[in-house]
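Analysis of the macromolecular model
Residue strings, one per chain:
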Amino acid sequence: MESLLLRDNPLLLPLNKKKTVYDGFITVQERDFRIRILLPPDLQLKRARLHCCWQLKHLLRDYEHIVKQRLQQSVDLGGFILELKTVLEVALNRCPEGRSVPPPRYYSLLISEMETVGWDKMLSIDMDFQTLKLRAEDSSGRQHTLTVKLKSKHPAEAPDCSADLPVPLTITWTPQSSLEQLHSQFLLVLESLTDFWDVLDEIDGKTWVLEPEKPSRSDTMRRIAIGNNVSIKVEVDPRHPKMLPECCLLGADHVVTPLRNKLNANMHMWNPDSSVLNNLRDVLEIEFPSPATHEKSSFNVECGICYSYRLEDAIPDQVCNDPRCGQPFHQACLYEWLRALPSSRQSFNLVFGECPYCSKVRGRRQLTQRPGLSAACIFSSYSYGSIHHLALSSQSAVTRSLIARTESEF
């Protein structure tokens, strides 16, 4: 057994003739860990003492009870070392970052850098001193958080940085860089996005935003209420926030079409020196409902199928095109309804069926009738893979042509 111990652990050697003290290294995954074992005169492992280097202690901190149990139950030292190496293998595989445990100087350097940055800018740091969050404030007083995950060879290796931004966070790092320089670069990025956040803050403060419910600093889209079951989805470019954004009008055709015509006709009036909200008012020739003039509940019209407003993260955004109805539905609810309706029909990737709300109020309508002439409300669906989406009033030109062709078949 002694020869087996030496063969498997050639760097772990006895220091006296009685072989009560072993000192040296055990090798796991091509890494050497310093270890020292003190045995009693009778060489019983139950009363042995184990000393290890700080790297090994760090890795085994969640496995101490297993190591103690193996020390009590192993028959001989060779068997214990074998089981210890097995436990260490598991620890390394479950905690890959543990393969590069930072040296002591890492911690002293980190504390020094934190003091330079300023403790008032420190939000938190984890127990391993590897992930910290820094506070930053832009010129408009908005608060931001920079999350920094340091590598074990800091500052030789660039840290992983993340923040709630609408653009990728690009940081320049060299072995001579510091947290203070990192924080300064982050402030410059924030300043470059000030106009973008000013645009969205004005929209959030002066209109009723339907989506997202709780906007983050990385969100570039706002769905703004125009009226009951009518809204506009605006996608602002973070790099050119005052330019004409991508716009999508949502609602019944008889309401959306005049707005779309105004948008196309007045697009040339867009003034980059004015705010996006003022430009939208001028181009669409409307006044947006605001918290000062309207209650948000006026626009939170529930789905005509599930009778709720918010379904997980979705709100009703599919509207019946019949001017006498205009009932909104969730995409998921409407698709399930049409799929289960015996009278519904599918042509290619389009599903046609009766409006669940209209059929209740004015009775059943036949699909052979044309919409707009006491006809059934027609909805279309398109799918990507196994996920189905519904397109009502906001259909593309291609989709509308497909609907027109399919309607002519009935």
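In case you missed it, the structure is sitting above this.
Please read all numbers here as calculations on a predicted model, not as lab measurements.

On to the sheet that holds strand S10 (residues 221–227). Taken in spatial order, the 4 strands of this open sheet run S9-S10-S11-S12, and their pairing is antiparallel. The two strands at the open ends of the sheet, each matched to only one other strand, are strand S9 (209–211) and strand S12 (246–250). For this sheet, the mean angle separating the axes of adjacent strands, direction not counted, is 30°. Relative to S10, helix H7 (residues 194–206) is tilted by about 35°, and along the sheet it contacts S9 and S10.

As a further point, take the packing of aromatic side chains. By the definition in use, this model includes 3 aromatic pairs. Both rings, one in Tyr-107 and one in Phe-129, keep their centres 6.1 Å apart while their planes meet at 70°; by these two values the pair is edge-to-face. In this pair, Tyr-107 sits in helix H5 (residues 104–117) while Phe-129 sits in the loop between strand S5 (122–125) and strand S6 (131–137), placing the two residues 22 residues apart along the sequence. Look at Tyr-107 and you get partly exposed, because its relative accessible area is 26%. Seen from their ring centres, Phe-196 and Trp-197 are 6.3 Å apart, and the 55° between their planes marks the pair as tilted. The same class applies to Phe-196 as to Trp-197, namely buried. Put simply, the rings of Tyr-106, Tyr-107 and Phe-129 touch in pairs and so form one group of aromatic residues.

Compared with an ideal rise of 1.5 Å per residue, which puts 14 residues at 20 Å, H5 spans 21 Å between its outermost C-alpha atoms and is within 8% of the ideal. All of the buried residues in H5 are Tyr-106, Leu-110, Glu-113, Met-114 and Val-117. Summarising the axial view, the buried residues of H5 lie within an arc of 100°, below the 170-degree limit, and thus occupy one face. In this structure, H5 carries Pro-104 and Arg-105 as exposed residues pointing more than 90 degrees from its buried face. Where H5 is buried, its residues touch S5, S6 and helix H6 (179–192). With its phi angle positive at about 115°, Gly-118 sits one or two positions after the end of H5.

Quick notes on the rules
Residues numbered from 1 in each chain as written. Predicted model: local features only at pLDDT ≥ 70, side-chain atom pairs only at ≥ 80, totals over all residues. Heavy atoms only, no water. Pairing = 2+ DSSP bridges. Helix = DSSP H or I, 4+ residues; strand = E, 2+ residues; numbered from the N terminus. Axes fitted to C-alpha atoms, helices over the stretch in contact; angles between N-to-C directions. Contact = heavy atoms within 4.5 Å. Phe/Tyr/Trp six-rings, centres within 6.5 Å; stacked < 30°, edge-to-face > 60°. Buried < 20%, exposed > 50% of the residue type's maximum accessible area, 1.4 Å probe, protein only. Expected span 1.5 Å × (residues − 1). Arc of directions from axis to C-beta.

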